[in-house]
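Descriptive analysis of the structure
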Amino acid sequence: MHTELRQPSSPTKDVLLEATDIKKSFGGVHALKGASITMRRGEITALVGDNGAGKSTLVRCLSGIHKPDSGTIRLDGEVINFATPNDARKQGMETVQQNLALVEELAVWQNFFLGRELVHGPFRTLDRKLMKKTAADLLKNLAVNVPPVTSKVRRLSGGQRQAVAIARAAGWGSKIVIMDEPTAALGVQETAKVEQVILTLRDSGVSVLLISHNFDQVMRLADHVWVMRAGLSVAQRRTSESSGDELVALITGAKAN
Amino acid sequence: MPTQTKADAPPRQTPPLIAQAKQVSFWAEQAAPIGLVGLVIVFGILSPTFLTLGNIRAMLVAAAILVVLSVAQSFVITTGGIDLSISATMTVGAVGFGLAWQAELGFVLAAVVAVASALVIGLINGLLIARGKVTDFIATLGTLSVATGLALIFSDGKPITVNSSELLTLTSGSLGIFGYPIILAVIVGALGWFVMFRTRFGLHVQAVGGSEESAVANGINAPRVRIAVYLISAGLAGVAALLLVARVGAAEPAINTAFLLNCIAAVVLGGVSLTGGKARIVGPIIGALLLTALTNGLTLLGVSQFYQPLAVGLVVVLAALLTRFQKK
Ligand SMILES: Nc1ncnc2c1ncn2[C@@H]1O[C@H](COP(=O)(O)OP(=O)(O)OP(=O)(O)O)[C@@H](O)[C@H]1O
Ligand SMILES: [Mg+2]
């Protein structure tokens, strides 16, 4: 690890992820008009902006769900083009989507391993036992009311669902974990737990991208913050050199950049 | 609060059968087995022949084709789709078998031709739906007509007589009261169950049916899964075609609409929701047995053939109403 980590915004080799001039339209809706963002290695980067600013769309471009119309994404200096979410996962990027991307009809453990199930034996049958056990172990650290891993997601509370999605993303020993409003539906205790998870991830060397509307949370957790407005990245700050009030001014446009 | 760590608690909070039976949802979940038992009791009392070994054997043989088609349809319906072309695909398979047999290719090659020609229809369905984004209902309604037409064109509208000793063995052979057709159908069912509930592919089928968006976000190739289920459906329709030719003794370009309606009915009876995401294999198989027992019992009681579709329809509508009370 480098010691000059805290140097203010200069593009260094500490940049792990760099998205430049990302554009994405849906029909006539220009969701992203050239958004950029950088994430530094081992830091928590926050992304803030009003509803509809394009945060989730940018996240979906980063995680391989959407293909940007133009712009480049660099991971560790290399240009990447994710064709599917699995490509992003293989590169060590996990995402908690805002909609959680859970299948309600499936059990918790099935959701946990969806798309990368563990198999065993000559017929490559699902290793149900191992998957249930692993899911239960990972979930235990996170949820206050741990749901049984065999229950269908449909039967879980909103907070429990969120815990499942977060534990799923956090459990893979990845380089980058992106969380799109991970504490939106959570109670006080659960929020504290999730914040603890985010800090633990950071301390173990994972870089985290946190989307949040909670400025206290952003100031408390993040090292760096990017502000989006109407499909563009309009400002970035070290949280140590900014304040919640300044972020509000940047988001609304009261302060330009 | 029950937590995962309390492993010393009894395995599941399954209440005893009596307590379960007081809830409507229990009856809704178990509609097919309860219906089957009910029918067997009623027909057993009303008709002295119904529960004879000979009749049970005949019923099981008669159920084989419907069981195979129901397993096939179950895969498609689990993804939230529907295969309306399934019986027409079976007809194409039958005609394919007949033509290959006529060309003296022998039983094995003719069977391969049957399955392969059925798979062509399945591939067209899959591509139309997964790549062309045509609604399942419309796409398979189209191929239903196309397949029926092709079968008529290739056979020139005439049945092709097939005198195959292998097919004769298939219809008449048995182990005890279990004729070869039902044994084949049960093997198909067991394989279907295994694929659906014990393989990655089966889980992906359920995931795509449950929420395509979430499945895709987790790296599942939804179009590929959709193509695969239509191939499975068509391939099994090809297998069913062999049973059909064996039973009739000829490859007929008949329309076989009853099979289509009954296999969808069996799947619904078996507790599979047409909206997808909820997989069942045993339920639809029992549903298929139920519908066969219903037709058989009515015939034994001397009820006119005209009343049979009416009875099947009533049972299906009743089952559909009951599914409203299924646990979510
Ligand atoms: N799949 C889509 N099809 C059409 N429009 C879309 C789609 N996804 C996003 N949009 C539009 O793009 C814009 C940005 O949406 P996005 O979800 O990225 O906002 P956001 O910043 O995440 O907002 P929030 O804080 O409410 O989550 C919105 O106007 C939205 O309606
Ligand atoms: Mg959003």
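If you're wondering where the values come from, they're calculated on a predicted model, not measured in any experiment. (Residues numbered from 1 in each chain as written. Chains lettered and ligands numbered in written order. Predicted model: local features only at pLDDT ≥ 70, side-chain atom pairs only at ≥ 80, totals over all residues. Heavy atoms only, no water.)

This part takes up the overall build of chain B. Looking only at helices and strands, one finds 15 helices and four strands in chain B. Structurally, chain B occupies a C-alpha span of about 70 × 55 × 35 Å along its principal axes. Looking at chain B residue by residue over its 328 residues, the buried ones come to 50%. Considering only residue pairs separated by 6 or more positions, chain B has 76% of its internal contacts joining residues 24 or more positions apart. Averaged over its 17 positive side-chain charges, chain B has a centre that lies 13 Å from the centre of its 10 negative ones. (Helix = DSSP H or I, 4+ residues; strand = E, 2+ residues; numbered from the N terminus. Buried < 20%, exposed > 50% of the residue type's maximum accessible area, 1.4 Å probe, protein only. Contact = heavy atoms within 4.5 Å. Lys, Arg positive; Asp, Glu negative; His and termini not counted. Charge placed at Lys NZ, Arg CZ, Asp CG, Glu CD.)

Let's shift gears to the sheet that holds strand β3 (residues 44–49) of chain A. Residue and element names in this part refer to chain A. The sheet built from six strands is open, its strands ordered β6-β9-β10-β3-β11-β12 with mixed pairing. Edge positions in the open sheet fall to β6 (93–96) and β12 (232–238), since each of these has one partner strand only. Taken pair by pair, the neighbouring strands of this sheet meet at an average axis angle of 15°, ignoring direction. Across four bridges, the pairing between β6 and strand β9 (residues 176–180) is parallel. Paired with E94 across the strands is V177, a residue of β9. (Pairing = 2+ DSSP bridges. Axes fitted to C-alpha atoms, helices over the stretch in contact; angles between N-to-C directions.)

Right, let's talk about the coordination of the magnesium ion (ligand 2) for a bit. Every protein donor of the magnesium ion (ligand 2) is listed here as S56 of chain A (OG) and Q98 of chain A (OE1), and their distances to the metal cover 1.9 to 2.0 Å. Of this pair, S56 of chain A sits in helix α1 (residues 55–62) while Q98 of chain A is found in the loop between β6 and α3 (108–112), placing the two residues 42 residues apart along the sequence. (Donors = N, O, S within 2.8 Å, 3.2 Å for Na, K, Ca; no water.)

Quick look at the sheet that holds strand β2 (residues 29–40) of chain A now. All names here are of chain A. On the basis of which strands lie adjacent, the open sheet formed by four strands has the order β2-β1-β4-β5 and antiparallel pairing. In this open sheet, the two edge strands, each paired with only one partner strand, are β2 and β5 (78–80). Adjacent strand axes in the sheet meet at a mean angle of 25° when their direction is disregarded. Sitting on the sheet, α1 is in contact with β1 (15–26), β2 and β4 (70–75), with an inclination near 115° to β1.

Often, the extent of an interface is quoted as the loss of accessible area on bringing the components together. The partner chain B presents 29 residues to the 33 residues of chain A that form the contact. Approximately 2400 Å² of surface area, both sides summed, lies buried where chain A meets chain B, with 59% of it carried by carbon and sulfur atoms. Here chain A and chain B share one salt bridge between them. Between E117 of chain A and R200 of chain B there is a salt bridge, and its shortest N-O distance comes to 2.6 Å. Applying the counting criterion to the chain A and chain B interface returns ten residue pairs in polar contact (both at pLDDT 80 or more). Within the residue set of the side of chain A that touches chain B, elements represented by two or more residues are α2 (85–90), β8 (125–126) and α4 (128–140) of chain A. Class assignment of the residues belonging to the side of chain A that touches chain B gives a composition of 15 nonpolar, seven polar and eleven charged. (Buried area = accessible area lost by both parts, 1.4 Å probe. Salt bridge = Lys/Arg side-chain N within 4 Å of Asp/Glu carboxyl O. Polar contact = N/O pair within 3.5 Å; in protein donor to acceptor, adjacent residues only side chain to side chain. Nonpolar A, V, L, I, M, F, W, Y, C, P; charged D, E, K, R; others polar.)

Here the focus is the pattern of salt bridges. Opposite charge on two side chains permits them to pair, given that their charged atoms come into close proximity. Residue and element names in this part refer to chain A. Applying the stated criterion to the full structure yields 18 salt bridges over all chains. The residue D137 makes a salt bridge to K133 at a minimum N-O spacing of 3.1 Å. Taken together, the residues span about one helical turn, with D137 and K133 both in helix α4 at a distance of four residues. Here K140 ties to D137 by a salt bridge, and the two come within 3.6 Å at their closest N and O atoms. Of the two residues, K140 and D137 both sit in helix α4, three residues apart, roughly one turn of that helix. Residue class for D137 comes out partly exposed when judged on its relative accessible area of 32%. A network of salt bridges, in which partner residues are shared, links E104, E105, K152, R154 and R161.

A word on helix α9 (residues 180–198) of chain B. Residues and elements named next belong to chain B. Along its 19 residues, α9 runs 26 Å from first to last C-alpha, staying within 8% of the 27 Å computed at 1.5 Å per residue. Every buried residue of α9 is accounted for by P181, I182, A185, V188, G189, G192 and M196. The buried residues of α9 occupy an angular sector of 115° when the element is viewed end-on, so they sit on one face. Facing away from the buried side of α9 by over 90 degrees, the exposed positions are V186 and L191. (Expected span 1.5 Å × (residues − 1). Arc of directions from axis to C-beta.)

Bringing a nonpolar patch on the surface into the picture now. The grouping of V37, I41, V42, I45, L46 and L301 of chain B at the surface amounts to a nonpolar patch, some 560 Å² of accessible area in total. Note on placement: I41 of chain B falls in helix α3 (residues 31–46). (Patch = residues over 30% accessible without salt bridge, like charges linked within 9 Å, V, L, I, M, F, W, Y side chains within 5 Å. Areas by Shrake-Rupley, 256 points an atom, 1.4 Å probe, with all protein chains shown as cover.)

What follows deals with the layout of surface pockets. Residue and element names in this part refer to chain B. Of the voids in this model, the second largest pocket is the one considered here, and its volume is about 630 Å³. In terms of lining residues, the second largest pocket is bounded by 22 residues, among which A258, F259, N262, T295 and V312 are the most central. Counting residues per element, the ones that place at least two in the lining of the second largest pocket are α4 (53–78), α13 (257–269), α14 (282–300) and α15 (307–323). Ranked by the residues each element gives to the lining of the second largest pocket, the list is headed by α13, at seven residues. (1 Å grid on protein atoms, 1.4 Å probe; cavity = no way out; pocket = protein on both sides within 12 Å on 5 of 7 lines; lining within 4 Å. Points joined across faces, edges and corners; volume = space filled by probe spheres on them.)

Moving on, we come to the pairing of strand β11 (residues 224–229) of chain A. Residue and element names in this part refer to chain A. For β11, a buried count of five out of six residues is recorded, marking the element as mostly surrounded by other parts of the structure. Bridge analysis of β3 against β11 gives five bridges, and the strand direction is parallel. The residue of β11 that forms the bridge with T45 is H224. Pairing of β11 with β12, which is carried by six bridges, proceeds in the antiparallel orientation. From the neighbouring strand, R229 faces β12, where its bridge partner is L232.

The quantities given are spatial measurements derived from coordinates; they are silent on function.
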